[in-house]
Protein chains: 6
Amino acid sequence: MKKIVTLGEIMLRLSTAEGVRLNQSNQFTVHYGGAEANVAVSLSHFGYQAFFVSKVPANPLGSAVERHLKSHGVRTDYLLKGGERLGAYYLEAGVGERSTQVAYDRKNSSFSKLEAEEVVIEEILRGASLFHISGITLALSTSLRELVFLFLKKAKKMGIKTSFDFNYRAKLWTQQEASEVIKLLLPYIDICSCGELDAVHLLGLDLVGGSLPQEERLKCYYQKIMKMYPNIQYMCSTFRTVINASNNRLLGNLYVNGELYQSKVHCLEPIVDRVGGGDSFIAGILSGILDGLPTERIISFATAASALKHTVHGDCNPFSKEEVLQFTDTEPGKIKR
Amino acid sequence: MKKIVTLGEIMLRLSTAEGVRLNQSNQFTVHYGGAEANVAVSLSHFGYQAFFVSKVPANPLGSAVERHLKSHGVRTDYLLKGGERLGAYYLEAGVGERSTQVAYDRKNSSFSKLEAEEVVIEEILRGASLFHISGITLALSTSLRELVFLFLKKAKKMGIKTSFDFNYRAKLWTQQEASEVIKLLLPYIDICSCGELDAVHLLGLDLVGGSLPQEERLKCYYQKIMKMYPNIQYMCSTFRTVINASNNRLLGNLYVNGELYQSKVHCLEPIVDRVGGGDSFIAGILSGILDGLPTERIISFATAASALKHTVHGDCNPFSKEEVLQFTDTEPGKIKR
Amino acid sequence: MKKIVTLGEIMLRLSTAEGVRLNQSNQFTVHYGGAEANVAVSLSHFGYQAFFVSKVPANPLGSAVERHLKSHGVRTDYLLKGGERLGAYYLEAGVGERSTQVAYDRKNSSFSKLEAEEVVIEEILRGASLFHISGITLALSTSLRELVFLFLKKAKKMGIKTSFDFNYRAKLWTQQEASEVIKLLLPYIDICSCGELDAVHLLGLDLVGGSLPQEERLKCYYQKIMKMYPNIQYMCSTFRTVINASNNRLLGNLYVNGELYQSKVHCLEPIVDRVGGGDSFIAGILSGILDGLPTERIISFATAASALKHTVHGDCNPFSKEEVLQFTDTEPGKIKR
Amino acid sequence: MKKIVTLGEIMLRLSTAEGVRLNQSNQFTVHYGGAEANVAVSLSHFGYQAFFVSKVPANPLGSAVERHLKSHGVRTDYLLKGGERLGAYYLEAGVGERSTQVAYDRKNSSFSKLEAEEVVIEEILRGASLFHISGITLALSTSLRELVFLFLKKAKKMGIKTSFDFNYRAKLWTQQEASEVIKLLLPYIDICSCGELDAVHLLGLDLVGGSLPQEERLKCYYQKIMKMYPNIQYMCSTFRTVINASNNRLLGNLYVNGELYQSKVHCLEPIVDRVGGGDSFIAGILSGILDGLPTERIISFATAASALKHTVHGDCNPFSKEEVLQFTDTEPGKIKR
Amino acid sequence: MKKIVTLGEIMLRLSTAEGVRLNQSNQFTVHYGGAEANVAVSLSHFGYQAFFVSKVPANPLGSAVERHLKSHGVRTDYLLKGGERLGAYYLEAGVGERSTQVAYDRKNSSFSKLEAEEVVIEEILRGASLFHISGITLALSTSLRELVFLFLKKAKKMGIKTSFDFNYRAKLWTQQEASEVIKLLLPYIDICSCGELDAVHLLGLDLVGGSLPQEERLKCYYQKIMKMYPNIQYMCSTFRTVINASNNRLLGNLYVNGELYQSKVHCLEPIVDRVGGGDSFIAGILSGILDGLPTERIISFATAASALKHTVHGDCNPFSKEEVLQFTDTEPGKIKR
Amino acid sequence: MKKIVTLGEIMLRLSTAEGVRLNQSNQFTVHYGGAEANVAVSLSHFGYQAFFVSKVPANPLGSAVERHLKSHGVRTDYLLKGGERLGAYYLEAGVGERSTQVAYDRKNSSFSKLEAEEVVIEEILRGASLFHISGITLALSTSLRELVFLFLKKAKKMGIKTSFDFNYRAKLWTQQEASEVIKLLLPYIDICSCGELDAVHLLGLDLVGGSLPQEERLKCYYQKIMKMYPNIQYMCSTFRTVINASNNRLLGNLYVNGELYQSKVHCLEPIVDRVGGGDSFIAGILSGILDGLPTERIISFATAASALKHTVHGDCNPFSKEEVLQFTDTEPGKIKR
């Protein structure tokens, strides 16, 4: 089992049943998730030894996070306990034309107050094949930003692959701030998840004419980015068409060696839970690359993984590699008996 | 806050979970609602001081109604307690091709036995901007019919706007009875919600040729009605295309000064709960008129309010004016984070 | 009330809520069902006196089966108690593109160990109008196979109609085994439910050219089968187009006197629970035949019954004959109030 | 299987979860029950062919009652369909010091409007061993009162045993009314359930001095009653000590041939659901008498049946004769594995 | 209706079902409560016009608080919206020998950051009969402490009664801090809820010999305190004997004019939810005083109110004055029908 | 972290809500447990590295077992996948006087068919401090019996402590069979959990006179057993007084060096879930011994652990060593805030 390390925040998600508003509900469903934790969970289900590095409070919620991760096979050896609180968010899932609404309560979380010196970077990375991080972690504090750079530099020294997902959140930092930090970080990255808007607004690329088909525009952006950061080997993203909150179309893109590979279009209808859809896509990409799959197979596997995620509650993709492969290769919706 | 008064019956609604029949269920979900009560709730969420005038029994169910109304900010100062029982109905929600089924048990309710002299009309109307009523109240008893006329006459004297929703229910009275009463009542009405079928079957208008597009037919009817009742300033209705019980299309119509204004078509799919969809539409119309919105804005606001209602359980539209406006102005289904 | 007899296995079905995987769930929904039991339940709701012959353990689950059948009006006079266990299966319902998954645990069930001599065939069949069986029972043991032949021979002697549903399950026996047994059985059958794949793989008919429309192909197969088994009077099946696990199209076929009768196409969206959809179709066919409906009416009734089944949870079709007829004759999804 | 007939009203019971008030609850648990229906259910579980005679509306709730009865094996051949509504009541179960509260909504029920001529008394009683009735039915209408007398007279003519439970409900009729009717009825009764308060307030017996132990007082009353109505062979009742709503003590009394037989004291703690506790006691008495058990055994069986009922939700005692006997004969609370 | 004002924090309470630990639960029950908010709710149910002054975030949780308060009839005219977050706590309710465990996450709440100048004290107090506060508010910030003193001084000037509940929480401040603040505050208080431990540890009274009966010790303390603060007219507290988490004994004490009045002992078994038990006691005391009840009646009313609270879920006492009085005057646990 | 190994069967437990019978329930709560698995879970929560050796099917239920164990931190490195099925049992929990009822369906489980050669005994035991087994495993098959002896012999060779819990189940084997096997096994055991009945019926000790106090009798038995098997160092058991199914008294016994140490008596009321109470006791004993606690402390710790288990749902004791110690040292039921 290859070892993989991800670093990030994990939060408590409190959500209501379908068709019930947050301010009316006398019951909240409990999930735990965060971008990098979700990637670790997916990779664990894909057969990797995934370690999630983070910090949670030494209280029942911290303990719940530990249980959650362990139940998915994620190693919690470097899950620190301490600090004030677990970040939380409240989610009122959209239905039909009505959008999902999220209320965050994540400030002052144990992870956001994590100091670089609490973490034994070298020990954590020893023997790892891959280190993955997302832009959310960079946004939380300068101390975490510093920690990420320490991890990336050490990873590069140790010959470990690195992966970065832009995951820009306007509620956490400005485009200006994000742009500066990410530009410094990209030289350390091998695999990068980045969308059109990221390319334009965070990397400052010129807008490509809207008359071009979407995939041509994306190729332009990816070509330019790879020229700027020749260390990047893979770039990926999804095209999501939002028909409404219960009905999306999803297609995955993977760019490598100057070629764009696309998956088929998945019809996500009805959507059970969209949260974590992007994380499961990236985990699929990483798994495919580490497994040395053919490129067309990587992108179809990753998009299938993401499509499956949309059919289950929770932030995590609980499907095994075999299940995703079987799903990739068969007709949708057939009963097996 | 402008004061609004509605008068009507509120009932206990007992419904089953999706895909469970009434005669199999060992659990009923509890809601409280009624046409005029629902309008009051919507208007309260839109920022008006809404009073709901009614009578409920002096038992835990009457108390539950009070809690329900108060929790939505509706004033219960004129909610009388007494009489025998709270009307109830049992609802088995439709799914896909299967229609919703309703079993009523509303006879002998406290409200249906309400006598005109129990109500202090003048005090209730004092300071009000609008009085709203629906055809259901007229159908329940001659005493209530009399009460409604007393209210309308007093309202007209006091310079208060009046609103009437046909809301014809064949289980409560015949078309003949309804027709007679409503024709006497319309001279007191400023804002009127009336559909094509109402125009033909209750007001006795000649059927307009089916070769005309639906909106042209509606315009004909509205023109004629306004000629008959020049006091009416606004007429409104919705066009609902029922693809199946889980999937409808909805468009709103508002006729004023000889012009028909239409909203965009809302795709209601999936429908969480259709009950109260009409009431939230009317509340949107009333709110738009009282706010002095431009006419196109009134009809798009009202139809959006109704569309949102279809995405939540219960008879009530719990969305604030700001939420409806934001929904009116944005793409459907986008996540906000 | 005409008496009808069905013989087969009934199992415990344990399933999870939508969007929850079997290995994550701390709650299972409990249903009881089996092909022939489901047919009996449907026929009971259609006004027949349906007897279900089977064997269940003398424990709380056996008692639960009895309660289940009785609650649907099915007579349990010949439901034997004894043996080791009730067969069970675990179901993770599909959503959207994700298929339903089933894990069986049915071996060594009380029914599968039933010996022919435990059953008083003549008494059971006395006064019956119809005896129905499916291929699942044939697959479970040689003893049950023998029992089925005894029933069929006796039924023919007593002038009782017989019905057989192929219901081939690859997990229970090979095509080779099934083919041999079924060929011996068909000479005793009056009404037969058999699909295209059954015709080719189990009856060994030559594949009809794919360029023909599906209904033409089916006619060819049915014509040939009826030539081989001139005793068969009715053949039926459904065409199901699986758009995804939540969205199917369904059309019913009934072949009699050299003519194929087809129902309209039902759009099953969303599907609440697909299990038992075939059984309710057959029950509709049987009811229509026994009632002497016109052929077009039989097939529209049967397909409507099956479409309705997809809108409720559980293996059983709980709709009465009146409800199915009303559904057959009205627009889908209209609210009745 | 001996045939038994009971006649009475069955109602919808809507109750809340423990610790939740009726006016706060958004979920009601659904049960169906009524004094005589509950007796029929118990006797069905004890192995008798119990027929319940009543009238319920021809709507989903009437159908639910039918399902309920059938699921317990009660024969519904004489359950009429029609009339306006199913009576209902709302129950907020007590906990600890807080008492249970009940809000009735039973007026105008289909049963209360039943006319004697709708019922084919002779056919119903044919072959029966016992006819059972309670005071509630007498209280509902003069027509029902008349019907009960017709049943009793016919039963006496046909040599059928009769049983009567006082079940006095102050909300339904006055002591004066009840007294007059019951005195006319007792001459037709063989088995009578009657408490101390009934003896004093409804039969007008002189209060026996409080210095006597409770069982001595009861003996006095029973002796006098049997002198007045020498046709009565058995008199029974329970002594219930209410420590609080969750904790009661229960002891059963059976008086026959001038001797009082008492069960042991059952400690009912915690009480899951007290409704129907009396009905299961009477069913136990009737079953014991019909089975010809020794008198000590009858009273211990009946009280054990009632004690068991307190441990399950719903109005009905779902325990078989074997289960009650095993319970009667073993230590409380021992695990069996 | 007399007007009453309370000021304090209200929090989100997330709790698990009985017998489920916080770190295992995938569902949290949602309640809202806080010491002073709970007092306001009780007083609203007792027929007072209760205003709750606080600050909650302008997000769905703030809106949920508003709904919660309104549903209980509490006036939210002075409920400010803004700030960062709603304080929250996680509760794992004890059962039997196992204690309740609480994890707080209340720092940086909107209320804790409230500044005195945001509040229009004079307007709020205008027309009020009583102002109530607890020690928790004093502990949250110096700014809130200042605000409380402003309120108390203004109240005294305006002739408004004041009430103070010690409610010492060791997790919020030290005994030393609390002692200093409370001593400065007591001169403004008319009604004071203070226990033995408060008297010793916060007011520094000498420990009274343990050989004295508990009520004698309490009298000593109260006598001394009233000598120190002659402005105080009423002192109250409860004696709670914890047999285990599900079984307590509760007795109320009220000291006035040198006399100690005690309620009967309530046996709280089983306890449904203990949170808010103290607040409902104080609300009972305040209601009794404002109603001018005889002193023995005040203390029996208040303790009964608290006992009832223990039988329902949530922080609030939802019983009306009539219900509490009826409970005070009747046998525990009797069914009413 | 010391390594501990347990070997045994783990089953699916399906149970109903309180007060609901198995044959009425449409929902089953899902738990996974087994004697040795439960011991492993407890020891994992006490800070040991616990390995559970077993075999489960390669289906969603096998996967659910894996999730369950991992979520409690138990290592599943030696959890084999294969075979036919997961054993299951159905549990109707007792309440008050009504006993718990269990229906087993465990035959032909993957574990019961496990062959000795599938297990790499030496690798599994390498580095272990303790090997624990119960009598249930011995009862399941001769192959498992053989496997247990191989484990024990190897453990003794490797200097690993061994523990055995009699756990006699009459449904699995006769006393005669059990007696023979256990007598051969005891010479390999260091720590032995054995009750009075086990001593008499399985080890054939003479019954000690009933006039002796229970602890004196137990001492006699333990003295004799230790004379017969001088290798045994610790003997333990609990005295459980069953007041009813919801109310037990529990006291723990530990016999070492000729002395009997007893815990205090725990009042278990109400009991939330009794299953696994014995396993958590043994885990407490083992933890105490491995930690080198003083003997009085071991027995109080173990009994406290068992008492806590009774307050939570499921087979497992989810309390950490710190939580058990805190519970051991404090008053029952006090709230901590």
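What counts and how
- Residues numbered from 1 in each chain as written.
- Chains lettered and ligands numbered in written order.
- Predicted model: local features only at pLDDT ≥ 70, side-chain atom pairs only at ≥ 80, totals over all residues.
- Heavy atoms only, no water.
- Axes fitted to C-alpha atoms, helices over the stretch in contact; angles between N-to-C directions.
- Helix = DSSP H or I, 4+ residues; strand = E, 2+ residues; numbered from the N terminus.
- Parallel < 35°, antiparallel > 145°, perpendicular 65-115°, else oblique.
- Contact = heavy atoms within 4.5 Å.
- Nonpolar A, V, L, I, M, F, W, Y, C, P; charged D, E, K, R; others polar.
- Expected span 1.5 Å × (residues − 1).
- Buried < 20%, exposed > 50% of the residue type's maximum accessible area, 1.4 Å probe, protein only.
- Salt bridge = Lys/Arg side-chain N within 4 Å of Asp/Glu carboxyl O.
- Arc of directions from axis to C-beta.
- Polar contact = N/O pair within 3.5 Å; in protein donor to acceptor, adjacent residues only side chain to side chain.
- Phe/Tyr/Trp six-rings, centres within 6.5 Å; stacked < 30°, edge-to-face > 60°.
- Lys NZ or Arg CZ within 6 Å of the ring centre and 35° of its normal.
- Least-squares fit on C-alpha atoms with pLDDT ≥ 70 in both.

## Considerations on the packing of helix H10 (residues 295-309) of chain B against helix H11 (residues 321-329) of chain B
Residues and elements named next belong to chain B.
So, step 1. The interhelical angle for the contact between H10 and H11, taken along N-to-C directions, is 100 degrees, at an axis separation of 9 Å. Relative to H11, the element H10 is oriented roughly perpendicular. Facing H10, whose interface residues are Arg297, Ser300, Phe301, Ala304, Ala305, Ala307 and Leu308, H11 presents Lys321, Glu323, Val324, Leu325, Phe327, Thr328 and Asp329.
So, step 2. Residue composition of the contact of H10 with H11, by class: eight nonpolar, two polar and four charged.

## Some thoughts on helix H2 (residues 60-71) of chain F
So, step 1. Under the 1.5 Å per step criterion, the end-to-end length of H2(F) is 16 Å for 12 residues, consistent within 8% with the ideal 16 Å.
So, step 2. Turning to H2(F), its buried residues are F:Leu61, F:Gly62, F:Ala64, F:Val65, F:Arg67, F:His68, F:Leu69 and F:Ser71.

## Notes on the interface of chain D and chain E
So, step 1. Counting residues at the interface gives 23 residues for chain D, matched by 22 residues for chain E.
So, step 2. The interface formed by chain D and chain E contains one salt bridge.
So, step 3. Taking the shortest distance from any N to any O, the salt bridge between E:Glu323 and D:Arg21 comes out at 2.7 Å.
So, step 4. Looking at the side of chain D that touches chain E, the elements that each hand over two or more residues are strand S7 (101-105) and strand S11 (234-244) of chain D.
So, step 5. Split by residue class, the side of chain D that touches chain E holds seven nonpolar, eight polar and eight charged.

## Some remarks on helix H8 (residues 214-228) of chain B
All names here are of chain B.
So, step 1. The terminal C-alpha atoms of H8, which comprises 15 residues, lie 21 Å apart, in line with the 21 Å expected from a rise of 1.5 Å per residue.
So, step 2. Residues of H8 that are buried: Arg217, Leu218, Tyr221, Tyr222, Ile225 and Met226. The buried residues of H8 occupy an angular sector of 160 degrees when projected down its axis, which confines them to one face.
So, step 3. Against the buried residues of H8 lie helix H7 (196-201), strand S11 (234-244), strand S12 (247-256) and strand S13 (259-262).

## Observations concerning the side chain of C:Arg98
So, step 1. Relative to the helices and strands, C:Arg98 is located in the loop between strand S6 (88-92) and strand S7 (101-105).
So, step 2. Looking at C:Arg98, its side chain comes within polar contact range of the side chain of A:Thr311, at 2.6 Å.

## Observations regarding the packing of aromatic side chains
Any pair of aromatic rings gets described here by the distance separating the centres and the angle formed by the planes.
So, step 1. Tallied over the full model, the rule gives 48 aromatic pairs over all chains.
So, step 2. Relative to F:Tyr90, the ring of F:Phe28 has its centre 6.0 Å away and its plane inclined at 65 degrees; by these criteria the two rings are edge-to-face. Placement of F:Phe28 in strand S3 (residues 27-33) and of F:Tyr90 in strand S6 (residues 88-92) is noted, with a sequence separation of 62 residues between them. Like F:Phe28, the residue F:Tyr90 is buried in the burial classification.
So, step 3. The cationic tip of A:Lys3 hangs over the ring face of A:Phe51; the distance from NZ or CZ to the ring centre is 4.7 Å.

## Describing the pattern of salt bridges
So, step 1. Counted under the stated rule, the structure contains 114 salt bridges over all chains.
So, step 2. When the shortest N-O distance is used, the salt bridge between D:Asp105 and D:Arg85 registers 3.2 Å. With D:Asp105 in strand S7 and D:Arg85 in the loop between strand S5 (79-81) and strand S6 (88-92), this residue pair connects regions lying 20 residues apart in the sequence.
So, step 3. The salt bridge involving E:Arg106 is made with E:Glu9; its shortest N-O contact spans 3.0 Å. Of this pair, E:Arg106 sits in the loop between strand S7 (101-105) and helix H3 (121-125) while E:Glu9 sits in the loop between strand S1 (3-7) and strand S2 (11-15), and the two are 97 residues apart along the sequence.

## Remarks on the relation of the copies chain D and chain E
So, step 1. For these two chains of identical sequence, chain D goes onto chain E by a turn of 120 degrees and a shift of 0.0 Å along the axis, with RMSD 0.0 Å. One copy is carried onto the other by what is essentially a three-fold rotation axis. Minimal C-alpha separation from the rotation axis in chain D is found for D:Pro270, amounting to 5.0 Å.
So, step 2. When the interface residues of chain D are mapped onto chain E, a mere 4% of them again lie at the interface, so each copy presents a different face.

## Some remarks on the relation of the copies chain C and chain A
So, step 1. Once chain C has been moved 0.0 Å along the axis and rotated by 120 degrees, it coincides with chain A to within an RMSD of 0.0 Å.
So, step 2. Of the interface residues in chain C, just 4% have counterparts in chain A that sit at the interface too, so the contact is made through distinct surfaces.

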